Amino acid sequence: MASARSRTMLPLPSSSQALVLVAVVSLISASSSLVAAGGHHDYGDALAKAILFFQGQRSGRLAPDQAVTWRSHSGLSDGSAANVDLTGGYYDGGDNVKFGFPMAFTTTMLSWSVLEHGGRMKSRVGDARAAVRWGADYLLKAATRTPGTLYVGVGDADADHRCWERPEDMDTPRTVYAVSASAPGSDVAGETAAALAAASMAFRAADPAYAARLLAAARDVMELAVGHQGKYSDYVGGDVGAYYASYSGYKDELLWGSAWLLWATKNTSYLNYIDSLGANDVADMFSWDNKLPGARVLLARVRNTRIPIPQPGASIKQHLHSLINCTLFTCVCNAQMQRTLVHGDKRFEPFRQQAEDFICRILPDSPSSTTQYTPGGLMHKSGYANLQYVASASFLLTTYAKYMAVSNRTFSCQSLPVTVKSLRALAKKQVDYILGDNPLGMSYMVNYGARWPQRIHHRASSMPSVASHPAHIGCQEGFQSYYYAGGANPNVHTGAVVGGPDEHDAFPDDRTDYSRSEPTTYTNAPLVGCLAYLAGKYK
């Protein structure tokens, strides 16, 4: 039941029951996770499974090489309500709705994982790009099917959440939602522009023609985001605000999308726009909602990238389409542009400072920390799907540490020195906790390690596959026969990372507890980057 803030409220196990489970299992074992030679986790195995998870989330007509065989084609008429083809893409979590906002963030983070850590993925980089492409193909459709319109969702979420049925059986309304000049959505448009731009970079070497199409669409969508500003949840209807409204506003997505286009196009018109935004809010969480920490870390990277300089006085709109072609290493631009290094440009300095302020707010021993840690050492930012915040923060720690290593940089959080080693150690500790180094000895990734969640909150996983049960399973039948069933899910959703334990390290493994037992694409996507880094370092 994937809704980020508002869900069907169902009874949860009592905290006392969950705490008893912590105590009992802790006495049995706190180290039952899978480890490779050298005492480290088998990060390569975890990486492969984290990527495989996305095949279980696919919507549309599945590929012939689909490895998750308990899934079948679904949503084959998506978009027909608006006379467009919107098949494909991902279901965000355990439901059957396609929410464009978190899907775009998922695609951005998968792409960033490939860009920063693809070299460490070895043979898995092709699988990672395939996961990027499944999301990017859908977003490309959503951005280009109707000029001036961005389609941002398919499916009546309220109706969907009143049912428990397989995606192959779903018969709830497949309502189509869109933003445009008359119904603006700068938040979802800015994120979609970021996703398309990031994906274009991930495919520049592998498929230059595809990359060019993605980048062209990213520029157009960003123009919509900048030129017609507003929150999409205020305009599109369908009670989107109860699911994936942007609580942080849309200025962070304007910054995020512009930062990605600056890196992808090397066009400083985006830098000029970034400089004018004034997106200076403090942030200690990075997620599908709030992009400020990610944008600031990204801009700390872009500051060392060669970019062309536009004519003095030119606006962002005048240069949105000025880039003719860019390969991974060179740009062919307007003759009126010249190349320069932005290293040392003082406009980037506030973003570096803000990126480091974010880090100071999440380090456990920092005097300025605003982050709670569980007794077992896990970051705890939210009672709902906490591991999404752990994964995204760990990705930024790993990535910023990479930038620090290249520039031989250190900094301090007041009296606390911060080094490459300390950032990497904290990121590794968080990932290791997810993989089983925790008081329960529980891996929160399905099918990794000796103990992992058996009753995840996921429709397709919790019900028999179409191959094993061809007959239609109705909306309410699914609740009585499968949702409330006490046994393990019949389909093992390999690689799915659930919401995770509470602030006391307790985890009830209860299908009805969506806040802890539901996996989401936007949890796995940044974790892919973390695991790729660790797999390369601890071979």
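Just so it is clear, the structure is predicted and the values come from calculations on it, not from any experiment.

### Quick word on the overall build of the chain
- Along the chain, the regular secondary structure elements total 18 helices and 11 strands.
- Within the span of the chain, comprising 539 residues, buried residues form 62% of the whole.
- A total accessible area of about 19,000 Å² is found for the chain, and carbon and sulfur atoms account for 52% of it.

### Re helix 6 (residues 186-202)
- Counted at 1.5 Å a residue, the expected span for helix 6 with its 17 residues is 24 Å, and the 24 Å between its end C-alpha atoms agrees.
- For helix 6, a buried count of 17 out of 17 residues is recorded, marking the element as mostly surrounded by other parts of the structure.

### Describing the state of the cysteines
- Counted according to the given criterion, the structure contains two disulfides.
- Between Cys 163 and Cys 475 runs a disulfide, and the two sulfur atoms are separated by 2.0 Å. Its torsion about the S-S bond being -95°, the disulfide of Cys 163 and Cys 475 is classed as left-handed. Of this pair, Cys 163 sits in the loop between helix 5 (157-161) and strand 3 (176-180) while Cys 475 is found in helix 16 (residues 475-483), placing the two residues 312 residues apart along the sequence. Both residues of the pair, Cys 163 and Cys 475, count as buried.
- A sulfur-sulfur separation of 2.0 Å characterises the disulfide bridge that pairs Cys 360 with Cys 413. Residues Cys 360 and Cys 413 share a disulfide whose torsion about the S-S bond is about -90°; that sign makes it left-handed. Taken together, the residues Cys 360 in helix 12 (residues 349-362) and Cys 413 in strand 10 (residues 411-413) connect sequence positions 53 residues apart.
- Using a relative accessible area of 1% as the deciding quantity, one classes Cys 413 as buried.
- Once the bonded cysteines of the chain are numbered in order along the sequence, the disulfide links fall as 1-4, 2-3.

### Brief notes about the packing of aromatic side chains
- A full pass over the atoms with the stated rule returns 26 aromatic pairs.
- Summarising the aromatic geometry, the rings of Trp 256 and Phe 286 are spaced 5.7 Å apart at their centres and angled 70° between planes, so their arrangement reads as edge-to-face. In this pair, Trp 256 sits in helix 8 (residues 251-265) while Phe 286 sits in the loop between helix 9 (269-277) and helix 10 (292-302), placing the two residues 30 residues apart along the sequence.
- Given the relative accessible area of 0%, Trp 256 is considered buried.
- Relative accessible area serves as the criterion here: at 1%, Phe 286 is assigned to the buried category.
- In this structure, Arg 133 packs its charged tip against the face of Tyr 210, placed 3.8 Å from the ring centre.

### Let's talk about the nonpolar core
- Core analysis: the largest hydrophobic core is formed by 153 residues, its most contacted members being Trp 112, Trp 260, Tyr 400 and Leu 531.
- When sequence neighbours within four positions are dropped, the list of residues in contact with Trp 260 reads Thr 108, Trp 112, Leu 115, Ala 194, Ala 197, Ala 198, Met 201 and Leu 298.
- Residues Ile 473, Phe 479, Tyr 482 and Tyr 483 belong to the second largest nonpolar core, which totals six residues.

### Considerations on empty space enclosed by the protein
- Going through the model one piece at a time under the given rule, you end up with four cavities of 30 Å³ or more.
- One number sums up the size of the largest cavity: a volume of about 100 Å³.
- Along its surface, the largest cavity is lined by 16 residues, and Phe 99, Val 152, Gly 153, Tyr 177 and Val 240 are the ones closest to its centre.
- Of all the secondary-structure elements, those providing two or more residues to the lining of the largest cavity are strand 1 (98-99), helix 3 (100-121) and strand 2 (149-154).
- For the second largest cavity, the calculated volume is near 40 Å³.
- Looking at the second largest cavity, the residues that line it are Gly 56, Gln 57, Arg 71, Tyr 91, Gly 93, Gly 94, Asp 95, Asn 96, Pro 167, His 458, Arg 459 and Ala 460.
- Across the lining of the second largest cavity, the residue classes tally to three nonpolar, six polar and three charged.

### Re the UniProt feature "active site" (unreviewed entry) in the chain
- The UniProt record annotates "active site" (unreviewed entry) at Asp 509 and Glu 518.
- Mapping Asp 509 onto the fold places it in the loop between helix 16 and helix 17 (514-517).
- Beyond its immediate chain neighbours, meaning those up to four positions away, Asp 509 contacts Pro 453, Gln 454, Arg 455 and Ser 517.
- Polar contacts involving the side chain of Asp 509 include one to the main-chain amide nitrogen of Gln 454, which spans 3.1 Å.
- You can see Glu 518 is positioned in the loop between helix 17 and helix 18 (521-537).
- Glu 518 sits in the buried class, given a relative accessible area of 2%.
- Of the polar contacts made by the side chain of Glu 518, one reaches the backbone nitrogen of Gly 94; its length is 2.7 Å.

### A word on the environment of Leu 76
- Tracing the backbone through its elements, the reader meets Leu 76 in the loop between helix 2 (43-52) and strand 1.
- A residue is classified by how much of its surface remains accessible, and Leu 76, at 44% relative accessible area, is partly exposed.
- Sequence spacing of Leu 76 and Ser 59 is 17 residues, and the spatial spacing of their C-alpha atoms is 8.2 Å.

How each quantity is defined
Residues numbered from 1 in each chain as written. Predicted model: local features only at pLDDT ≥ 70, side-chain atom pairs only at ≥ 80, totals over all residues. Heavy atoms only, no water. Helix = DSSP H or I, 4+ residues; strand = E, 2+ residues; numbered from the N terminus. Buried < 20%, exposed > 50% of the residue type's maximum accessible area, 1.4 Å probe, protein only. Areas by Shrake-Rupley, 256 points an atom, 1.4 Å probe, with all protein chains shown as cover. Expected span 1.5 Å × (residues − 1). Disulfide = S-S within 2.5 Å. Phe/Tyr/Trp six-rings, centres within 6.5 Å; stacked < 30°, edge-to-face > 60°. Lys NZ or Arg CZ within 6 Å of the ring centre and 35° of its normal. Core = buried A, V, L, I, M, F, W, Y, C linked by side-chain atoms within 4.5 Å. Contact = heavy atoms within 4.5 Å. 1 Å grid on protein atoms, 1.4 Å probe; cavity = no way out; pocket = protein on both sides within 12 Å on 5 of 7 lines; lining within 4 Å. Points joined across faces, edges and corners; volume = space filled by probe spheres on them. Nonpolar A, V, L, I, M, F, W, Y, C, P; charged D, E, K, R; others polar. UniProt positions renumbered as here; feature names shortened; annotations may be inferred. Polar contact = N/O pair within 3.5 Å; in protein donor to acceptor, adjacent residues only side chain to side chain.

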